[in-house]
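# Structure assessment
In case you want the letters, here they are:
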Amino acid sequence: MGFFENLKKSLTKTRQNFTDRISELVGASAKIDEDFLDELEMILLTADVGVATTEGLIDDVRQAARKKEIQGTQDVIPFLKKRIADLLHDDGVRTRISGHPTVILVVGVNGVGKTTTIGKLANYFHLFNYKVMLAAGDTFRAAASAQLKIWGQRAGCDVIAHEEGADPAAVVFDALKAAKARGVDILFVDTAGRLHNKANLMNELGKIDRIIKREIPDAPQEVFLVLDATTGQNAITQAKVFMETTPVTGVVLTKLDGTAKGGVVVAIKKELGLPVKWIGIGEGIMDFRPFEPDKFVDALFDPPAEDGADQPEA
C-alpha cells in the first residue's frame, strides 16, 4: 500500500469526526441557513479546527452563499475543501539544507515523539545520501540518549552524547565541532521539553542557540516543533510557549493515525502562521513523510478504497 492510501486510512478517525459529519449535515439540510451554519460550526470545532479558523470558514461559507457562489448545501463540501487547501498552502520547502553542516534544532514537550521524529528524519535524509549526525541534547531524560543512539544505529549515523545530567549546550558544542570535522551534511539537535518551568526552558534553548550561532552564524537553518496531533488544541497552546522561546520555522505533527482531531493541522497554519512540514502516521520508520497540503486535503475528504473492493478490469 502506498503512502497516500496509508494517509487516508490514518485519517479515518478525523474523517469520521469531520467530513463524514459534514456529509450527513449536507444530506439532511435543504438550505444554507443559520441553523445549518451553526451545525457546521460545531462540527469544525469538535474536529479541532480552532475557534478563529472555524469562524473564518463559516463566514466564508455565509458570504459565498449570499453571493450565489454556493448554490446549495451540496456545494459546501467542495467549497470547504478548496478553502482548506488554500489555507494550508505555503512555500513548499520542507527542510532548508544550506551549509556544512545544516543544523536543525528539534523542540517539543516530552512525550510527543520528539526523539523518534529525529530518528525518522535522520533515516529519511540518510536514504537520500546525506551524511547525518545526531546530538543528544536532552540530557535530563534518562532514556533520551539511549533511544537516540538506537535510532542512530538504524539510520547509520553518528550520535554525540554526554552522561545524564550534562550541560545540553556542551553536548551541542561538541556535536558542532564533530560535525564540521567529519564533513556532516545535516546535524539534528535533540532538546529537553520541560514546559513546567518555562524560565529554565527559555534559558536552555537560548544558550544552545547562542552556541550554535557562535560556531555557525547562519544556523540553525530550521527549528522544528514536534506536536502530538492527539492533543488537539493543547498543541496550539504548546506551540505558543515554544514560539516565545525560540524562532520556530515549522511543525512536525505526529500520531495523526490515532486522533479524531486532525483538524488541528488547519489551526496550526491559520492561527500560528506555522507551516506543517512533516507528518507521522504510524510507528514504522517509513510512516513519516514531508507534508503535502493537497494530498492531505484529498485524504481528509476522500475515503480510502474498501478492502476487497472490485478493481477495474485490465
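These notes cover the structure that comes with them. Keep in mind the model is a prediction, meaning the values are calculated, not measured.

## Some thoughts on the side chain of Thr-95
The topology assignment puts Thr-95 in the loop between helix 6 (76–88) and strand 1 (102–107). A residue is classified by how much of its surface remains accessible, and Thr-95, at 13% relative accessible area, is buried. One polar contact links Thr-95 to Trp-278, side chain to side chain, over a distance of 3.2 Å. Residue contacts for Thr-95: discarding those within four places in its chain leaves Ile-104, Phe-125, Glu-222, Phe-224 and Trp-278.

## Here we look at the layout of surface pockets
Its boundaries defined by the atoms lining it, the largest pocket holds a volume of some 220 Å³. Residue lining of the largest pocket: Gly-113, Thr-116, Thr-117, Lys-120, Thr-254, Lys-255, Asp-257, Gly-280, Ile-281, Gly-282, Glu-283 and Phe-288, and that is the complete set. A per-element tally of the lining of the largest pocket places helix 7 (residues 114–127) first, with 3 residues. The residue inventory of the lining of the largest pocket, partitioned by class, reads 2 nonpolar, 6 polar and 4 charged.

## Things to note about the sheet that holds strand 7 (residues 276–280)
Strand order in the open sheet formed by 8 strands is 3-2-4-1-5-6-7-8, with mixed pairing between adjacent strands. Strands with a single pairing partner mark the edges of an open sheet, and in this sheet they are strand 3 (158–160) and strand 8 (288–290). Each neighbouring strand pair of the sheet contributes to a mean axis angle of 25 degrees, computed without reference to strand direction. With 3 bridges joining them, strand 6 (residues 250–254) and strand 7 adopt parallel strand pairing. Within the sheet, the bridge partner assigned to Leu-253 lies in strand 7 and is Ile-279.

Rules used throughout
- Residues numbered from 1 in each chain as written.
- Predicted model: local features only at pLDDT ≥ 70, side-chain atom pairs only at ≥ 80, totals over all residues.
- Heavy atoms only, no water.
- Helix = DSSP H or I, 4+ residues; strand = E, 2+ residues; numbered from the N terminus.
- Buried < 20%, exposed > 50% of the residue type's maximum accessible area, 1.4 Å probe, protein only.
- Polar contact = N/O pair within 3.5 Å; in protein donor to acceptor, adjacent residues only side chain to side chain.
- Contact = heavy atoms within 4.5 Å.
- 1 Å grid on protein atoms, 1.4 Å probe; cavity = no way out; pocket = protein on both sides within 12 Å on 5 of 7 lines; lining within 4 Å.
- Points joined across faces, edges and corners; volume = space filled by probe spheres on them.
- Nonpolar A, V, L, I, M, F, W, Y, C, P; charged D, E, K, R; others polar.
- Pairing = 2+ DSSP bridges.
- Axes fitted to C-alpha atoms, helices over the stretch in contact; angles between N-to-C directions.

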